[in-house]
Amino acid sequence: MEMTFAMIKPNGVKSGLVGKIIERYEDAGLAVCALKMHQMTSADARGFYAEHVEKPFFGELEEYMTKGPSVMLALGGENAIAKVRAINGATNPAKAEPGTLRYDFAPSMTENVVHSSDSPASAEREIAFWFKKEDTYSYEGPGRKACTVMGK
């Protein structure tokens with residue numbers, strides 16, 4: 001089993017898509033191991049997106065990510081990283097496949113509704129950025145043996 005991080009960005013929250021997005025992850029056999037809603041500060045954005053701070057698009061990204069709350073998720077399941085990335089679709093919604101979250105819901109590359117980890121190292125770092133180990137739980141349910149228990 002594998003864990004990954006996913007985030008429903010401010011426009012996804014504002015558009016009332018939180019339940020629909022989580023349902024797609026759960027329908028794919030993933031379990032929600034941790035969840036919280038949080039409005040990013042500039043310090044959060046600079047820490048979470050540290051690799052992008054010096055890039056020309058960072059100002060626009062920071063403004064977007066701090067304009068409303070996001071929903072942070074730790075998801076667990078078999079091949080969780082690849083599954084979530086497939087469900088999300090291409091970063092640029094214009095290149096996303098029909099039926100993916102970004103194809104269905106994202107109005108632009110900047111406001112592309114969701115984020116997810118791209119590797120095990122990113123997943124570990126991103127989950128740890130938003131959640132304390134004791135706030136991440138294991139879950140087993142119908143068709144799911146999911147989350148690696150972190151810190152327990």
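Here the structure is shown first, and the text comes after it.
Residues numbered from 1 in each chain as written. Predicted model: local features only at pLDDT ≥ 70, side-chain atom pairs only at ≥ 80, totals over all residues. Heavy atoms only, no water.

> So what exactly am I meant to see when it comes to the overall build of the protein chain here?
The secondary structure content of the protein chain amounts to seven helices and six strands. Secondary structure of the protein chain in N-to-C order comes out as β-α-α-β-α-α-β-α-α-β-α-β-β. Only carbon and sulfur atoms are counted for the fraction: they give 52% of the accessible area of the protein chain, which is about 7800 Å². (Helix = DSSP H or I, 4+ residues; strand = E, 2+ residues; numbered from the N terminus. Areas by Shrake-Rupley, 256 points an atom, 1.4 Å probe, with all protein chains shown as cover.)

> I keep staring at the pattern of salt bridges and nothing clicks. Help me out?
When charged atoms on two side chains of opposite charge get close, those side chains can pair. Scanning the model with the defined rule gives four salt bridges in all. Measuring nitrogen to oxygen at the nearest pair gives 3.7 Å for the salt bridge that ties Glu-62 to Arg-46. Pair noted here: Glu-62 is in helix H4 (residues 58–65) and Arg-46 is in helix H3 (residues 42–48), with a separation of 16 residues, a long-range link. The class of Arg-46 is partly exposed, set by a relative accessible area of 41%. Lys-67 is the partner of Glu-111 in a salt bridge, and the nearest nitrogen-oxygen pair spans 2.8 Å. Taken as a pair, Glu-111 in the loop between helix H6 (101–105) and strand E4 (114–116) and Lys-67 in the loop between H4 and strand E3 (70–77) lie far apart in primary sequence, 44 residues in all. (Salt bridge = Lys/Arg side-chain N within 4 Å of Asp/Glu carboxyl O. Buried < 20%, exposed > 50% of the residue type's maximum accessible area, 1.4 Å probe, protein only.)

> Whenever I open this one, the environment of Ala-80 confuses me. Can you help?
Looking at the element boundaries, Ala-80 is found in helix H5 (residues 80–88). With 40 residues separating them in the primary sequence, Ala-80 and Pro-120 have C-alpha atoms 9.7 Å apart. In this view, Ala-80 contacts Glu-2, Met-3, Thr-4, Leu-30 and Leu-75; residues no more than four positions away in its chain are not counted. (Contact = heavy atoms within 4.5 Å.)

> Before we go on, may I ask you to explain the packing of aromatic side chains in this structure?
Two descriptors summarise a pair of aromatic rings, namely the distance from one centre to the other and the angle between the planes of the rings. Per the counting criterion, the structure on display carries five aromatic pairs. Seen from their ring centres, Phe-48 and Tyr-49 are 4.9 Å apart, and the 85° between their planes marks the pair as edge-to-face. When its relative accessible area of 5% is taken as the criterion, Tyr-49 is described as buried. Clustering of aromatic rings is evident, with ring pairs tying together Phe-5, Phe-48, Tyr-49, Phe-129 and Trp-130. If you follow Lys-36 out to its NZ or CZ, it ends over the ring of Phe-131, 5.8 Å from the centre. The ring centre of Phe-48 lies 5.9 Å from the NZ or CZ of Arg-125, which sits over that ring. (Phe/Tyr/Trp six-rings, centres within 6.5 Å; stacked < 30°, edge-to-face > 60°. Lys NZ or Arg CZ within 6 Å of the ring centre and 35° of its normal.)

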